[in-house]
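Examining the three-dimensional arrangement
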Amino acid sequence: MILVWMMWKIKYIQETYLEGIKRIVAIQQKSLKLNAVLNVFRTAMNLIFPLITFPYTSRVLLPEGSGKINFATSIVSYFSLIAALGINAYGIREGAKVRDNKQKLSQLTKELFTISMVSTVVAYSLFFVAIFFVPKFSEYRVLLCISSASILLGTLSIEWLYSATEDYVFITIRSFVFQIISIILLFIFVKTKEDYLICAGINVFSSAGSSVTNFIHRRKIVNLKTGIKTNLKQHLKPIFILFAMSVTTSIYTLLDTSMLGFISGDFEVGIYHAATKINKLVLSLVVSIGTVLLPRLSYFSGNNNQKDFEKLIYKAFGIVLLLGCPCTIGLCLLCKPVVLLLSGESYVQAIPVMRIMNPIIIIISLSNVIGIQMFMPLKKEKWTLYSVIAGAVTNFTLNLLLIPKLASTGAAIATLVAETIVTATQFIMAKNMINLSKILRMFIIYIGNSLVMGIAVFLVIMFTQNVYIQLLIGFTVGVLVYIGILFVEKNEFINSFILSIRNKGRK
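Residues numbered from 1 in each chain as written. Predicted model: local features only at pLDDT ≥ 70, side-chain atom pairs only at ≥ 80, totals over all residues. Heavy atoms only, no water.

1. Re the pattern of salt bridges
Any two side chains of opposite charge can pair if their charged atoms end up close together. Under the counting rule described, the total for this entry stands at 4 salt bridges. The salt bridge involving Asp-266 is made with Lys-68; its shortest N-O contact spans 3.2 Å. Of this pair, Asp-266 sits in helix H12 (residues 266-302) while Lys-68 sits in helix H2 (residues 32-84), and the two are 198 residues apart along the sequence. Classification of Asp-266 by relative accessible area gives buried; the value is 13%. Judged by its relative accessible area of 22%, Lys-68 is partly exposed. Through salt bridges that share partners, Arg-93, Glu-94 and Lys-97 make up one connected network. (Salt bridge = Lys/Arg side-chain N within 4 Å of Asp/Glu carboxyl O. Helix = DSSP H or I, 4+ residues; strand = E, 2+ residues; numbered from the N terminus. Buried < 20%, exposed > 50% of the residue type's maximum accessible area, 1.4 Å probe, protein only.)

2. Some thoughts on unusual backbone geometry
Trans is the common state for peptide bonds, and a negative phi is the common state for residues other than glycine. Within the chain, Leu-62 stands out as a residue other than glycine whose phi angle is a positive 60 degrees. Tracing the backbone through its elements, the reader meets Leu-62 in helix H2. Even without glycine at this site, Ile-158 takes up a positive phi of about 45 degrees. For Ile-158, the position within the fold is in the loop between helix H6 (149-157) and helix H7 (159-164). When its relative accessible area of 5% is taken as the criterion, Ile-158 is described as buried.

3. Points about the environment of Leu-312
Along the polypeptide, Leu-312 turns up in helix H13 (residues 306-333). Residue class for Leu-312 comes out buried when judged on its relative accessible area of 0%. When the C-alpha positions of Leu-312 and Gln-373 are compared, they lie 9.7 Å apart, and in sequence the two are 61 residues distant.

4. A few points about the packing of helix H19 (residues 436-461) against helix H20 (residues 467-488)
At a minimum axis distance of 9 Å, the contact between H19 and H20 shows a crossing angle of 145 degrees. In terms of crossing hand, the pair formed by H19 and H20 is right-handed. Across the interface between the two elements, Tyr-446, Asn-449, Ser-450, Val-452, Met-453, Ala-456, Val-457, Val-460 and Ile-461 of H19 pack against Gln-470, Ile-473, Gly-474, Val-477, Gly-478, Val-481, Tyr-482, Ile-485 and Leu-486 of H20. When grouped by side-chain class, the residues that make up the contact of H19 with H20 number 13 nonpolar, 5 polar and no charged. (Axes fitted to C-alpha atoms, helices over the stretch in contact; angles between N-to-C directions. Left-handed = near helix turned anticlockwise from the far one by under 90°. Contact = heavy atoms within 4.5 Å. Nonpolar A, V, L, I, M, F, W, Y, C, P; charged D, E, K, R; others polar.)

Right, here's the structure in full:
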């Protein structure tokens, strides 16, 4: 019931949003509406599948086993960053500009893939040095080697190509198929807490299938044997700027898990992972619109279509606040039943940690609009880099101070403060490019609506002690009350949705 409501709500808001921008986007290309719906479906699947697998693995592996996998994943992620450089974001932006010219797109793909292969060799060289010379890694050596397959697979996937060409049909089907296979393998082979190596291998298998499929399918889009001399130098400067941004961002997205592993051990990593998992899943739904908008915003920017660019940006702010505010308030109220339902009694310590992290749903969503959807198409990557450097320094410093004393709670506080600084810095940099008062008005309206919704949820869940009933009733009441408030206010997204229904009815 809950999953049905969630999928309906996301699809409903997405369709409303698309109707609102339909009058803006009047170019004869692939349907933005179809792409957005497909991307939301894929993102919803990325939510639903973890809601199936996460409770199972949490209970089977317990905090220690879960902590081992996530610690190893966080370590491998640093080397994956080296292999990836900043190619994904750069490829989406530049690929969107030349997607109508197969020869130019093929040339771009060939050059970026060549750079990726070189960086992958460098990444693996550093990886093997690390696992043999860092004492802490000796007990995780096999697990790290299994997880390290994702470094090569990330290079082979050329994921940016499909986003740049807006080929969401293929990647949606591909993702769905391999997620189904991975779930089946998980339930068959992972039975005890000692099976964490098998679990890590299944995670890699899912990536392997997607990456190999991507690499094979790319022949229908581009030809890597172009016969044209490669010019790698032209890409290096912007790629390294984006790489620097990725590295600094990783300090407060990966370093908390890594430092918890080094300082506090696997149990605290497991607790922290359980606390942040749901926040990240919900966050991915809220910011999923960015995956669709970035190629189109790059297209507008590349064609000097400033008017449509600005309208689409404000729509993006509206949609992330419309979704982010109620999700933040709702999760804070339903934190206990969510953690106990998805992770079990062994993870009860994750409840206060999750509450601390809830606001990052709004904070990171706003940062995504400015730093990715806005700065990237305008080639203002340096501004995003400066903001994440400020956040990285803050996060590293606070982790050093707080993790030894507060463990996972300290890591959560450090991440929240760091994300706030990143977003605030980006708003300051963009103050001459956007109407801050307009965004503030939207925030006040949506957070006000969400607080009213929160009061209603609190009143209904306080009368039952059963966490499952709390979650079911609380979520249902929250959705109905929030949508009702938007309807009474004649919200623009609601109005667009109603107009769309009427038009379809007339046809």
